[in-house]
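A closer look at the structure
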Amino acid sequence: MTIEAPAAELLPFRDPGYRADPAPYYARLRAEAPVYRHPIGVYVVSRYEDVAKLIRNPTLSVRKLDFGVADPLHDTVLGQDAPDHTRLRRITNRWFTPKAVEEWSKVMQASVDAVLDKAVEAGGTLDAVDDLALRSTFETICHIFGVEPTKMLEIQKATYDIGVSLGPGSDEDDWRVTGEAFEWYEQHNRALIDHKRAHPGSGLIDHFLAEQDAGNMTENEVIFSILLFFAVGHLDIKHLIVQGIRHMAEHPEYIGIYRDQPDIRPGFINEVLRIETPEQMVSRLTTQETVIGDTTVPAGEVLVLLIGSANRDPEAFPDPDRFDHNRPAAASQHLAFGSGQHGCAGQVLARAQADVVFTTLVNRFSTIELAGEPTFTHTEFLRSIAHLPIRLR
Ligand code: HEM
């Protein structure tokens, strides 16, 4: 079934109410138009069963998608199809294996400990976003790169500014902001590369440069892969960490549960990711006629796969708006990390980083309180908290 309707009726991408809480819109879509031909010309897919199948469908392309102002992302693993995708993915795989992540977790732990020591000295109040989640994840990705953790706030801003154009509702103002962010990043990364050439080491950027010298990466691929890993190294993981902390602050029983029942920790993290899915959607282009439920989509059409909606589909997750850390893992695989060929390359790291923060907090403090109202900068693509003041005791 495909419903033709004005954008405002079913999926008003720019509407502040929709951006603040898309769940009711998703519920209506799943019920009334699970394959919705949006008036802007894309097909929006919202049911878990369809999204899970399509996200693993190798006939769908990202290379052929028009990224518009975000075109440089085609020089990264995120914007390529096989065989270039396979080539680029292979170059970074070994940096994010469970064994490598054990190393990176130690860096994360040291950063979290230092942040919390400082917060305690200052009376226990801090911003869970910039002071804790951003700083610790940023220091970790810089360590992986083999560079000093400088320009943290500028990198956070440039990354966010790129994100504003990644959703289907973006407009000319967003594209201008994104264009400037790409320019900033390109200059920044070129300077970083020059510095690394002059001061070689053994980090991920050194590895990229060695691959470039061996003819396995182009210069643009190096520049924009550095951008990609700066971005993914803090953006979504920050959201997972902050939403987990917020959940503990609003439901204090979880402090004891997380501390005393290590077995439930993966379930807790999965549930934060499911309910508060950081990236709400991924896009693909059909390269051949593709049947989705009762709808046949021709070749050359853009599919917007709503992973945020799939993760709230009651067919896959009974009582989907309820936080339940005991959901059976096998029966309900959330799609927050995507899946298939482009499934998240950093999910082991992301889970480990979140666990370092949560475990350290519950071991050190018996009370985590909100010390002010959170502020949000959600777009239709990305769930995002700008600030979450907390008090630790
Ligand atoms: C909570 C944290 C994270 C979430 C929710 C997340 C989510 C995602 C999603 C949904 C995709 C798939 C995009 C698509 O199919 O188009 C993806 C891809 C990717 N993620 Fe993550 N991510 C997280 C953390 C990380 C971290 C920490 C890293 C590494 C430092 C990372 C590296 C990547 C890479 C390289 C890709 C592209 C994979 C490919 O195209 O083959 N992510 N991530």
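Going by the annotation in an unreviewed UniProt entry, the name recorded for the protein chain is Cytochrome P450, with Streptomyces camelliae given as the source organism.

Quick word on the packing of helix α6 (residues 98–121) against helix α15 (residues 347–364)
Packing of α6 against α15 brings their axes to within 9 Å, and their N-to-C directions diverge by 35°. The handedness of the crossing between α6 and α15 comes out as right-handed. The segment α6 lies against α15, with Pro98, Val101, Trp104, Ser105, Met108, Gln109, Val112, Asp113, Leu116, Asp117 and Val120 engaging Val348, Leu349, Ala352, Gln353, Val356, Val357, Thr360, Leu361 and Arg364. By residue class, the composition of the contact of α6 with α15 is 13 nonpolar, four polar and three charged.

Re the coordination of the iron atom of the ligand
The sole protein-derived ligand of the iron atom of the ligand is Cys344 (SG), positioned 2.3 Å away. On the secondary structure map, Cys344 appears in the loop between α14 (307–310) and α15.

Some remarks on the site of the ligand
Lining the immediate surroundings of the ligand are 26 residues, of which His85, Arg89, Arg284, His342 and Cys344 lie closest. Here His85 contributes a side-chain N or O atom positioned 2.6 Å from an oxygen atom of the ligand. The contact in question runs from an oxygen atom of the ligand to an N or O atom on the side chain of Arg89, over 2.7 Å. For the shell around the ligand, the elements supplying multiple residues, two or more each, are α5 (84–93), α11 (219–250), β4 (282–285) and α15. Ranked by the residues each element gives to the shell around the ligand, the list is headed by α11, at five residues.

With respect to the side chain of Asn311
Looking at where Asn311 falls in the secondary structure, it is placed in the loop between α14 and α15. Engagement of the side chain of Asn311 in a polar contact is seen with the side chain of Thr277, the distance being 2.9 Å. Setting aside residues no more than four positions away along its own chain, Asn311 makes contact with Leu273, Arg274, Thr277, Phe317, His334, Leu335 and Ala336.

A closer look at the sheet that holds β4
Taking strand neighbours across the sheet as the criterion, the four strands line up as β1-β2-β7-β4 in an open arrangement whose pairing is mixed. Two strands bound the open sheet, and with one partner strand each, they are β1 (35–37) and β4. Across the sheet, the axes of successive neighbouring strands diverge by a mean angle of 25°, strand direction being ignored. The pairing of strand β2 (residues 43–45) with strand β7 (residues 302–305) spans three bridges and is parallel. By the bridge assignment, Val45 is partnered in β7 with Leu305. Where helix α4 (residues 48–55) meets the sheet, it contacts β2, β4 and β7, and its direction lies at approximately 120° from that of β7.

Focus: the packing of aromatic side chains
For the coordinates displayed, the defined rule picks out 18 aromatic pairs. Between Phe96 and Phe229, the ring centres sit 5.5 Å apart and the planes meet at 5°, which makes this aromatic pair stacked. Taken together, the positions of Phe96 in the loop between α5 and α6 and Phe229 in helix α11 put the pair 133 residues apart, joining distant regions of the chain. No difference in accessibility class separates Phe96 from Phe229, as the two residues are buried.

Remarks on the nonpolar core
If you look at the biggest cluster of nonpolar residues, it comprises 43 residues, and the most contacted ones within it are Leu132, Ile245, Met248, Phe268, Val357, Phe358 and Leu361. The set of elements that each furnish at least two residues to this core consists of α6, α7 (128–145), α11, α12 (253–260), α13 (265–275), α15 and β11 (389–392). If sequence neighbours within four positions are ignored, Leu132 has contacts with Val112, Val115, Leu116, Leu126, Asp127, Ile245, Val357 and Leu361. By size, the runner-up hydrophobic cluster in this structure holds 41 residues, among which are Leu73, Val101, Phe182 and Leu192.

Digging into the environment of Lys64
Within the secondary structure, Lys64 is located in the loop between α4 and α5. Here the alpha-carbon distance between Lys64 and Thr286, two residues 222 residues apart in the chain, equals 9.0 Å. Not counting residues within four places of it along the chain, the set of residues in contact with Lys64 comprises Asp81, Leu285 and Thr287.

Quick look at the pattern of salt bridges
This model, assessed by the stated rule, comprises 27 salt bridges. Between Arg19 and Glu380 there is a salt bridge, and its shortest N-O distance comes to 2.9 Å. One end of the pair, Arg19, is in helix α2 (residues 16–20); the other, Glu380, is in the loop between β9 (375–376) and β10 (385–387), and 361 residues separate them in sequence. Residue Glu380 is classed as buried on the basis of its relative accessible area, which comes to 2%.

Rules behind the numbers
In this numbering scheme, every chain counts its residues from 1 along its sequence in written order. Two thresholds apply to this predicted model, a pLDDT of at least 70 for residue-level local features and 80 or more for giving and counting side-chain atom pairs, whereas whole-chain, interface and lining totals are computed over all residues. No hydrogens and no water enter the side-chain calculation; it runs on all heavy atoms of the structure. What counts as an axis is a line fitted to C-alpha atoms, over the stretch in contact for a helix, and the angles between N-to-C directions run from 0 to 180 degrees. Strands here mean DSSP runs of E at least two residues long; helices mean DSSP runs of H or I at least four residues long; both are numbered from the N terminus. For any helix crossing, the convention is left-handed if the near helix is rotated counterclockwise from the far helix by under a right angle, and right-handed if that rotation is clockwise. Here, two residues are considered to be in contact whenever any of their heavy atoms come within 4.5 Å of each other. The nonpolar class holds Ala, Val, Leu, Ile, Met, Phe, Trp, Tyr, Cys and Pro. Asp, Glu, Lys and Arg form the charged class, and all remaining residues, Gly among them, are polar. Note on donors: an N, O or S atom is included if it sits within 2.8 Å of the metal, or within 3.2 Å for Na, K and Ca, and water is never included, so sites can look incomplete. To be near a molecule or strand, a residue needs just one of its heavy atoms within 4 Å of it. Pairs of N or O atoms within 3.5 Å make up the polar contacts considered here, provided that, within protein, one atom can donate a hydrogen while the other can accept it, and that residues adjacent in sequence are counted only when both atoms are side-chain atoms. Pairing between two strands is assigned when DSSP locates at least 2 bridges connecting them. Pairing of aromatic side chains here covers Phe, Tyr and the six-membered ring of Trp, requires ring centres within 6.5 Å, and sorts the geometry by plane angle: under 30 degrees stacked, over 60 edge-to-face, intermediate tilted. Whether a residue is buried, partly exposed or exposed follows from its accessible area with a 1.4 Å probe, protein chains only, as a fraction of its type maximum: under 20%, in between, or over 50%, in that order. Working definition of a nonpolar core: buried Ala, Val, Leu, Ile, Met, Phe, Trp, Tyr and Cys residues. They are joined through side-chain atoms within 4.5 Å. Salt bridges are identified by distance alone: a Lys or Arg side-chain nitrogen within 4 Å of an Asp or Glu carboxyl oxygen.

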